Amino acid sequence: MNHTELTFGLDTFGDHTVDAAGSPKSAAQVLRDVVAEGVRADEVGIDHFSVGEHHRPDFAISAPEVVLAAIAARTTRITLGSAVTVLSSDDPVRVYERFATLDAISDGRAELTVGRGSFIESFPLFGYDLDDYEVLFEEKLDLLVSLRAEGPVHWSGTTRLPLTGQRAYPTTSRGSLPVWVAVGGTPASVVRAAEYRLPLMLAIIGGPPARFRPFVDLYRDRTVGTDLPVGVHSPGFLAATDAEARELLYPHFKANRDKIGRERGWPPVSRADFEAEADAGALFVGSPETVATRIAAAVTDLGVQRFDLKYANGPMPHEHLLTAIELYGSEVIPRVRTLLG
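Residues numbered from 1 in each chain as written. Predicted model: local features only at pLDDT ≥ 70, side-chain atom pairs only at ≥ 80, totals over all residues. Heavy atoms only, no water.

A.B. asks: How would you summarise the packing of aromatic side chains if you had to cite specific residues and measurements?
C.D. replies: By the definition in use, this model includes 9 aromatic pairs. Pairing phenylalanine 13 with phenylalanine 59 gives two aromatic rings, centres 5.5 Å apart and planes at 90°, and the pair type is edge-to-face. One end of the pair, phenylalanine 13, is in the loop between strand 1 (7-12) and helix 1 (27-43); the other, phenylalanine 59, is in the loop between strand 2 (48-51) and helix 2 (64-72), with 46 residues separating them in the sequence. Neither residue differs from the other here; phenylalanine 13 and phenylalanine 59 are each classed as buried. With a centroid separation of 6.0 Å and an interplanar angle of 70°, the aromatic rings of phenylalanine 59 and phenylalanine 119 are classed as edge-to-face. Note that phenylalanine 59 is positioned in the loop between strand 2 and helix 2 and phenylalanine 119 in the loop between strand 5 (112-115) and helix 4 (122-125), a separation of 60 residues in sequence. You can call phenylalanine 119 buried: its relative accessible area is 11%. Cation over ring: arginine 264 sits above phenylalanine 119, and NZ or CZ is 4.6 Å from the ring centre. (Phe/Tyr/Trp six-rings, centres within 6.5 Å; stacked < 30°, edge-to-face > 60°. Helix = DSSP H or I, 4+ residues; strand = E, 2+ residues; numbered from the N terminus. Buried < 20%, exposed > 50% of the residue type's maximum accessible area, 1.4 Å probe, protein only. Lys NZ or Arg CZ within 6 Å of the ring centre and 35° of its normal.)

Printed below as a string of structure tokens:
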């Protein structure tokens, strides 16, 4: 791997946050705060800023392209993407058109990451049957890939009426949108991304990152002769010291994870669980020195070209998130580059 190609991003789902006094903020204020966070990420030199799509009460972002367009109007260099767009419950034609519009507004800085999503609220909301979970994603990804050529599309499947030469508009000035495929670590998903020759984004949210190396190797074996990048998305948080970062993050991380856990039958997160993930798992939390060292190790172990930190994890106040963004851009990224030579 050529480490000069390594890039760094930030991801958020727009978690509903609290103010400094612990009172919940409105969704409207959370969305305005996310825009400010994207602007700050651009100012401190981060390469990518991505927002996730959800349709539930604990996350404020249901329309990533609208949030990203607001950030685009106030930034100049950072790429703007989704993390992820739930393609299974959307229309690939409209997805492509919305992101092509964002690409125009941002002067060529839009990118799209698609996935099946780890939440299912969008399926009944938009009238899709969960029994079609697999075929919806497979067919819609196939159509999205066809749309990337930005010419007449001839496509047929079982989940929508066929296209017989129609085109999506606007087209992009660069001729196509960058599209990544996000996977949670199943071989079939990795192979699908490789077959379509799309960059791979690994969502590593638990356990040692190095355990995902077989998926990177599988992808590389299936894309020999290409220079397609592989990225990692993992949660984390930064403060001046390790102790401060962990103390600030733990109650918010636990609140978020326990709420989801109650829905899915997981046991509550203990402080020992949290510390184990922070020590050697998928939680990149601590001082800039600590987080930089752990990111450098993960990048080396996995042989990836991009690292995205999911910096918002639960109802953490906006002011602490801004500090984490500043530390990531001004201290962590330079340290990682130095460590990797």
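From this point on, the discussion continues.
A.B. asks: Give a description of helix 8 (residues 242-264) that names residues and reports values.
C.D. replies: In a regular helix each residue adds 1.5 Å, so 23 residues correspond to 33 Å; helix 8 covers 31 Å between its end C-alpha atoms and thus fits that length. At tyrosine 250, helix 8 is bent by approximately 35°, the largest bend along its length, and proline proline 251 sits one to four residues beyond. Here helix 8 has its buried residues at Ala245, Arg246, Leu249, Tyr250, His252, Phe253, Asn256, Asp258, Ile260 and Gly261. The elements touched by buried residues of helix 8 are strand 10 (230-238), helix 9 (271-280) and strand 11 (284-286). Of the residues flanking the end of helix 8, it is glycine 265, one or two places downstream, whose phi is positive at about 85°. (Expected span 1.5 Å × (residues − 1). Bend = angle between axes of the 7 residues up to and from the residue. Contact = heavy atoms within 4.5 Å.)

A.B. asks: Describe the nonpolar core, naming the residues involved and giving the relevant values.
C.D. replies: Of all hydrophobic cores here, the largest spans 91 residues; its most connected members are Leu10, Phe49, Val114, Leu202, Ile295, Tyr328 and Val336. Element by element, the count of residues in this core is highest for helix 11 (residues 318-339), at 8 residues. (Core = buried A, V, L, I, M, F, W, Y, C linked by side-chain atoms within 4.5 Å.)

A.B. asks: Quick one: what's the story with the pairing of strand 8 (residues 179-183), residue by residue and with numbers?
C.D. replies: Taken across its 5 residues, strand 8 has 5 buried, putting it largely inside the fold. Burial of strand 8 is two-sided: the residues Val179, Val181 and Val183 facing one way and the residues Trp180 and Ala182 facing the other way are all buried. As defined by bridge partners, strand 5 adjoins strand 8 across 3 bridges and the pair is classed as parallel. Opposite threonine 113, over in strand 8, you have tryptophan 180 as the bridge partner. (Pairing = 2+ DSSP bridges.)

A.B. asks: Can you tell me about the packing of helix 3 (residues 92-105) against helix 5 (residues 133-147), naming the residues and giving the values?
C.D. replies: Where helix 3 meets helix 5, the axes come as close as 9 Å, and the angle between the chain directions of the two elements is 45°. Classified by the interaxial angle, the pair formed by helix 3 and helix 5 is oblique. Crossing geometry of helix 3 relative to helix 5 is assigned as right-handed. Residues Pro92, Val93 and Tyr96 of helix 3 form the contact with helix 5, whose own contacting residues are Lys140, Leu143, Leu144 and Leu147. Its residues placed into classes, the contact of helix 3 with helix 5 shows 6 nonpolar, no polar and 1 charged. (Axes fitted to C-alpha atoms, helices over the stretch in contact; angles between N-to-C directions. Parallel < 35°, antiparallel > 145°, perpendicular 65-115°, else oblique. Left-handed = near helix turned anticlockwise from the far one by under 90°. Nonpolar A, V, L, I, M, F, W, Y, C, P; charged D, E, K, R; others polar.)

A.B. asks: For the pairing of strand 10, give the residues involved together with the corresponding values.
C.D. replies: Looking along a regular strand, one sees the side chains alternate between the two faces of the sheet. Within strand 10, 9 of the 9 residues are buried, which leaves it mostly tucked inside the rest of the structure. A two-sided burial pattern is seen for strand 10, the buried positions comprising Val230, Val232, Ser234, Gly236 and Leu238 on one face and Gly231, His233, Pro235 and Phe237 on the other. In terms of strand pairing, strand 9 (residues 200-203) meets strand 10 through 4 bridges, oriented parallel. Looking at the pairing, alanine 203 lines up with histidine 233 of strand 10. In this structure, strand 10 lies alongside strand 12 (residues 306-310), joined through 5 bridges in parallel fashion. Along strand 12, the bridge assignment pairs serine 234 with leucine 309. By the bridge criterion, 3 bridges tie strand 10 to strand 11 in an arrangement that is parallel. Its bridge partner lying in strand 11, phenylalanine 237 is registered against valine 285.

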